[in-house]
Amino acid sequence: MPAIVIVGAQWGDEGKGKATDLLGSRVDVVVKFNGGNNAGHTVVIDDQKYALHLLPSGILTPGVVPVIGNGVVVDLGVLFEEIDDLEVRGVDTSRLRVSANAHVIASYNRTLDKVTERFLGSRRIGTTGRGIGPTYADKMNRIGVRIEDLFDTEVLTAKVEGALDVKNQLLAKVYNRRAVAVEEVVEELVSYRDRLAAMVSDTGLLLNQALDRGETVLLEAGQATLLDVDHGTYPFVTSSSATAGGACTGSGIPPTRIDRVVGIVKAYTTRVGEGPFPTELHDDSGEHLRKTGMEYGTTTGRPRRCGWFDAVVARYAARVNGVTDFVVTKLDVLTGLEQVPVCVAYDVDGVRHDEMPMTQAEFARAVPVYEELPGWWEDLSHCRSFDELPKAAQEYVLTLERMCGPRLSVVGVGPGRDHVVVRHDLV
Ligand code: IMP
């Protein structure tokens, strides 16, 4: 059976957790391959709401092996907080496996994330402040601390010393902060060692062996295509590879073993943090989407910027990721609108662009070209088949499918696990 990748096709918070959960019972292993606790999945099961930031949402499905891959950056304090919270609520987390090669978010990188943002002022990225960027920067600079380093205090101390060499200068001389003691950092990290020991694994080997045995492996992206460090709206992006290519480097599963790529799009668009967003609404319509869609960040609580669906972005995401199926979420949020505008192209300095403009400067000046689609008033939450959707909602889905390319296999009609219309099975 296959390896399936799930990616966000916009700027994040598309509802990937729900799609993962929908596939859950047919999946044996769920892998998080990028990002860290900057993510936020909200999964609702039997009226219980679970907000996960670091753990893969597959942890909620009995029998599934949840894996934190090598491409993830791990805040160990948050990891154990989330595990404890789930255990108290009766969720078994004992199957969780964490890559020995994953990097650790040390306290100094959380500090640096926040002070750097403050220092940038109007040029800030609007990060989640969780230390994600500085930790990935350390990885690339080859001064990062990996999970495996925690099991050799000498190695760990040398690595922390190496990292703090320059960072303490930065903290003290540039940012006017106190320098951090090596021992303090080592002591904190070592304190997690015993609990961590049971879950540390060679996850690349484990995942390939699972595929050899014919198991189904689901690779779940954090963040989304337009936040990808290469393919997103750089520099207003996260620091990891959030697209399908990142699923391979972040897990150790080769491209030749990936069978399906499921792209998640919201029926409209949201974004948190700074950066260009052509269909953003600054009027009552934006406020309506935010209120109706409850568009407030799971991780930071920030109100999300809201706008209409952007088919240029979705087509781009389909291309970059090789999307085989789209899942459109939150169609119910659009209920009650006379007309629903959809962005079909951009106008950049008087020139029409049907594809994503080549440069970020052009993208920042993109003015949406809208097509107005008829709205609907009926409650969608009871619909379980495509035929049960009101005609205008069906037309909205079919139009999005025509505009975006790949088939639109699943439609979300409410927050619950079963609030879906499945047009084509994903596995
Ligand atoms: P960072 O990932 O904390 O470095 O933040 C970089 C950018 O990505 C900021 O605009 C964040 O708001 C955004 N971001 C990070 N994680 C998520 C997510 O899970 N959903 C939506 N936006 C995110």
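The paragraphs below set out a description of the structure included in this document.

Rules behind the numbers
Residues numbered from 1 in each chain as written. Predicted model: local features only at pLDDT ≥ 70, side-chain atom pairs only at ≥ 80, totals over all residues. Heavy atoms only, no water. Phe/Tyr/Trp six-rings, centres within 6.5 Å; stacked < 30°, edge-to-face > 60°. Lys NZ or Arg CZ within 6 Å of the ring centre and 35° of its normal. Patch = residues over 30% accessible without salt bridge, like charges linked within 9 Å, V, L, I, M, F, W, Y side chains within 5 Å. Areas by Shrake-Rupley, 256 points an atom, 1.4 Å probe, with all protein chains shown as cover. Salt bridge = Lys/Arg side-chain N within 4 Å of Asp/Glu carboxyl O. Helix = DSSP H or I, 4+ residues; strand = E, 2+ residues; numbered from the N terminus. Near = heavy atom within 4 Å. Polar contact = N/O pair within 3.5 Å; in protein donor to acceptor, adjacent residues only side chain to side chain. Nonpolar A, V, L, I, M, F, W, Y, C, P; charged D, E, K, R; others polar. Axes fitted to C-alpha atoms, helices over the stretch in contact; angles between N-to-C directions. Parallel < 35°, antiparallel > 145°, perpendicular 65-115°, else oblique. Left-handed = near helix turned anticlockwise from the far one by under 90°. Contact = heavy atoms within 4.5 Å. Core = buried A, V, L, I, M, F, W, Y, C linked by side-chain atoms within 4.5 Å. Buried < 20%, exposed > 50% of the residue type's maximum accessible area, 1.4 Å probe, protein only. Expected span 1.5 Å × (residues − 1). Lys, Arg positive; Asp, Glu negative; His and termini not counted. Charge placed at Lys NZ, Arg CZ, Asp CG, Glu CD. Pairing = 2+ DSSP bridges.

### A word on the packing of aromatic side chains
Tallied over the entire structure, the rule returns six aromatic pairs. Pairwise contacts between aromatic rings join W11, F277, Y346 and F363 into one cluster. When the ring centre of F386 is taken as origin, the NZ or CZ atom of R423, which lies over that ring, is 4.6 Å away.

### Quick notes on a nonpolar patch on the surface
A cluster of nonpolar side chains, contributed by F119, L170 and V174, occupies part of the molecular surface with about 260 Å² of accessible area. Examined against the element boundaries, F119 turns out to sit in helix α3 (residues 107-120).

### Re the site of the ligand
Around the ligand, the structure places 16 residues, and the nearest of them are D13, N38, T128, T238 and R302. Side-chain polar atom of N38 to an oxygen atom of the ligand: 2.8 Å apart, as the coordinates give it. Within the side chain of T128, one N or O atom sits 2.6 Å away from an oxygen atom of the ligand. Looking at side-chain class alone, the shell around the ligand contains six nonpolar, eight polar and two charged residues.

### Describing the packing of α3 against helix α5 (residues 153-174)
Orientation of α3 relative to α5, taken along the N-to-C sense of each, is 30°, at an axis distance of 11 Å. With respect to each other, α3 and α5 are oriented roughly parallel. Considering the relative orientation of α3 and α5, their crossing is left-handed. Here Y108, N109, T111, L112 and F119 of α3 come into contact with α5, specifically with V160, A163, L164, K167, L171 and V174.

### Some details on the side chain of T225
Mapped onto the secondary structure, T225 falls in the loop between β10 (217-220) and α9 (244-249). Side-chain polar atoms of T225 contact the backbone oxygen of G8, separated by 2.7 Å. Reaching out from T225, the side chain makes a polar contact with the side chain of N321 at a distance of 2.9 Å.

### Some details on the side chain of R95
For R95, the position within the fold is in the loop between α2 (76-88) and β7 (97-99). Dropping the residues within four chain positions of it, R95 is found in contact with I59, T61, P62, G63, V64, V65 and P66.

### Thoughts on the nonpolar core
Within the largest apolar cluster, 58 residues are counted, with the highest numbers of intra-cluster contacts made by L331, L334 and Y396. In terms of residue count, helix α13 (residues 391-404) provides more of this core than any other element does, seven residues in total. Ignoring sequence-local partners within four residues, the contact set of L331 consists of A267, W376, L380, A393, Y396, V397, V411 and G412. Of all hydrophobic cores here, the second largest spans 43 residues; its members include V72, L96, A106 and L156.

### Some thoughts on α3
Since the α-helix packs 3.6 residues into each turn, any two residues three or four apart lie on the same face. The first and last C-alpha atoms of α3 sit 20 Å apart over 14 residues, in line with the 20 Å expected at 1.5 Å per residue. Every buried residue of α3 is accounted for by S107, Y108, N109, L112, D113, V115 and E117. Next to the buried residues of α3 lie α4 (132-141), α5 and α6 (182-190). G121 occupies a position one or two residues after α3 and carries a positive phi of about 55°.

### Description of a negative patch on the surface
A grouping of E161, D165, E183 and E187 is seen on the molecular surface, where their side chains present a negatively charged patch. Mapped onto the negative patch, the elements with two or more residues apiece are α5 and α6. Considering the arrangement of structural elements, one finds E187 in helix α6.

### Topic: the sheet that holds strand β9 (residues 200-201)
One open sheet accounts for ten strands, arranged β9-β7-β5-β2-β10-β1-β11-β15-β19-β20; its pairing is mixed. Both outer strands of the open sheet, β9 and β20 (420-422), are each paired with one neighbouring strand and no more. With three bridges connecting them, strand β19 (residues 407-412) and β20 associate as antiparallel partners. Bridging across to β20, V411 finds its partner in V421.

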